[in-house]
Structures are given as C-alpha cells and as structure tokens.
Amino acid sequence: MVPVIRELARCYLAFQRVSEAHIRKSGLTAPQFDIVATLGNTSGLSFKELGSRTLITKGTLTGVVDRLESRGLVERVACQQDGSSTLVRLTPAGDRMFDFVLCQHTASGEDPGRTRASLVAIHYFSVSSRFGIPSWVLLSRINFRST
C-alpha cells in the first residue's frame, strides 16, 4: 500500500509543477487563472456559478473579477433571462489569454480535444491543491461534453 501512495504523491507533485508552470506563463495569479479557465468556451457565468466552480468565496471573487476586468480580460454583462443578475464573461482579450494557455499544450502537438480536457484538469487540480480538496471530487464536476 505504501508504494502506491508514494507513486500517487509523486504523480500529484508532478501535476502540480505542470499546473504552476502554466499559471506562471500566463502572467495571472492562481485565482485569476482559475476564472479565465472556467470562463473559457462559455458565454459567461453568474457570480454564483463562477464561485461554485472555482471555490472562490464571494468577497474574494469580486476583487479577482475587478482585477481581471481592469486588465480587460473579463466584462460584466446583465443576464438576459434575469435582469437582476450579472454574468461574467471573457472579453476578446480574455479569449486570447485562454487560447494562449491552451497553446501551451498544443505547441507539443497534443490533440486539441485532449488539450481542452488537460487545461480543465489543470484548472481543477490548481483549485484542489490550493484548498486541500481531493482532485477527484472536483474532476467529477467537469462537463466533458464541453471539453
């Protein structure tokens, strides 16, 4: 049992190094990276949904979105179905940032379908490692139809 745990820990640390390298290359903080990765390939998410998917608290989420908005990577828009709620979505510059992070994988010739799935996995791994949550708990929440 101990050798299996040792190998899992080794795998965990290797994945963490890959995750941290991608975040550093993007010039974003880990929470900013999580938001950009979560919003990628969506038409936008409510603050509630974005907080739920990234596990960023409401107070912190507002500040992180403010900083991303000041960098021109996200924008707030009124929800069409419910005028009282606000959606956060990537701007064209935010889409380019998302594509930049995605290109980190494709530069190695990886299949684009696997690339999107890898980016989503890195995002969830980043969240899980920061909050001490087992990665499988977060990975079980991925909608693989959109990857």
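Structural data are supplied above this passage.
Residues numbered from 1 in each chain as written. Predicted model: local features only at pLDDT ≥ 70, side-chain atom pairs only at ≥ 80, totals over all residues. Heavy atoms only, no water.

Q: What's the story with the overall build of the protein chain in this structure? I'm lost.
A: Per the secondary structure count, the protein chain includes seven helices and three strands. Put simply, the protein chain runs from its N terminus to its C terminus through helices and strands in the order α-α-β-α-α-β-β-α-α-α. By residue count, 39% of the 147 residues in the protein chain fall in the buried class. In the protein chain, the proportion of contacts linking residues at least 24 apart, taken out of those at least 6 apart, comes to 55%. As displayed, the protein chain has an accessible area near 8,300 Å², and 58% of this comes from carbon and sulfur atoms. (Helix = DSSP H or I, 4+ residues; strand = E, 2+ residues; numbered from the N terminus. Buried < 20%, exposed > 50% of the residue type's maximum accessible area, 1.4 Å probe, protein only. Contact = heavy atoms within 4.5 Å. Areas by Shrake-Rupley, 256 points an atom, 1.4 Å probe, with all protein chains shown as cover.)

Q: Any chance you could explain the sheet that holds strand 1 (residues 45–46) here in plain terms?
A: As a general point, the strands of a sheet are linked pairwise by backbone hydrogen bonds and lie either parallel or antiparallel. Across the sheet, three strands lie side by side as 1-3-2; this open sheet has antiparallel pairing. Sheet topology places strand 1 and strand 2 (74–78) at the edges, where each strand pairs with a single neighbour. Where strand 2 meets strand 3 (residues 86–90), five bridges bridge the pair, whose relative direction is antiparallel. What sits directly across from R76, in strand 3, is V88. Lying over the sheet, helix 4 (residues 58–70) contacts strand 2 and strand 3, oriented at roughly 110° with respect to strand 2. (Pairing = 2+ DSSP bridges. Axes fitted to C-alpha atoms, helices over the stretch in contact; angles between N-to-C directions.)

Q: Explanation requested: the packing of helix 2 (residues 30–39) against helix 4 in the structure shown.
A: Relative orientation and spacing of two packed helices are given, respectively, by the angle between their axes and the distance between those axes. At their nearest, the axes of helix 2 and helix 4 sit 10 Å apart, and the two run at 80° to each other. In terms of their interaxial angle, helix 2 and helix 4 are classed as roughly perpendicular. For the pair helix 2 and helix 4, the contacting residues are P31, Q32, I35 and V36 in the first and L61, V64, V65, R67 and L68 in the second. Taken together, the residues of the contact of helix 2 with helix 4 sort by class into seven nonpolar, one polar and one charged. (Parallel < 35°, antiparallel > 145°, perpendicular 65-115°, else oblique. Nonpolar A, V, L, I, M, F, W, Y, C, P; charged D, E, K, R; others polar.)

Q: What am I meant to see in the nonpolar core here?
A: Generally speaking, nonpolar side chains in soluble globular proteins are found buried as a group. Judged by nonpolar contacts, the single largest core of 22 residues is most densely connected at I35, L39, L50 and L68. Of all elements in the fold, only helix 2, helix 4, strand 3 and helix 5 (92–106) reach the threshold of two or more residues within this core. Element by element, the count of residues in this core is highest for helix 2, at six residues. Those residues in contact with L39, other than ones at most four positions away along the chain, are L45, L50, V74, V88, R89 and L90. (Core = buried A, V, L, I, M, F, W, Y, C linked by side-chain atoms within 4.5 Å.)

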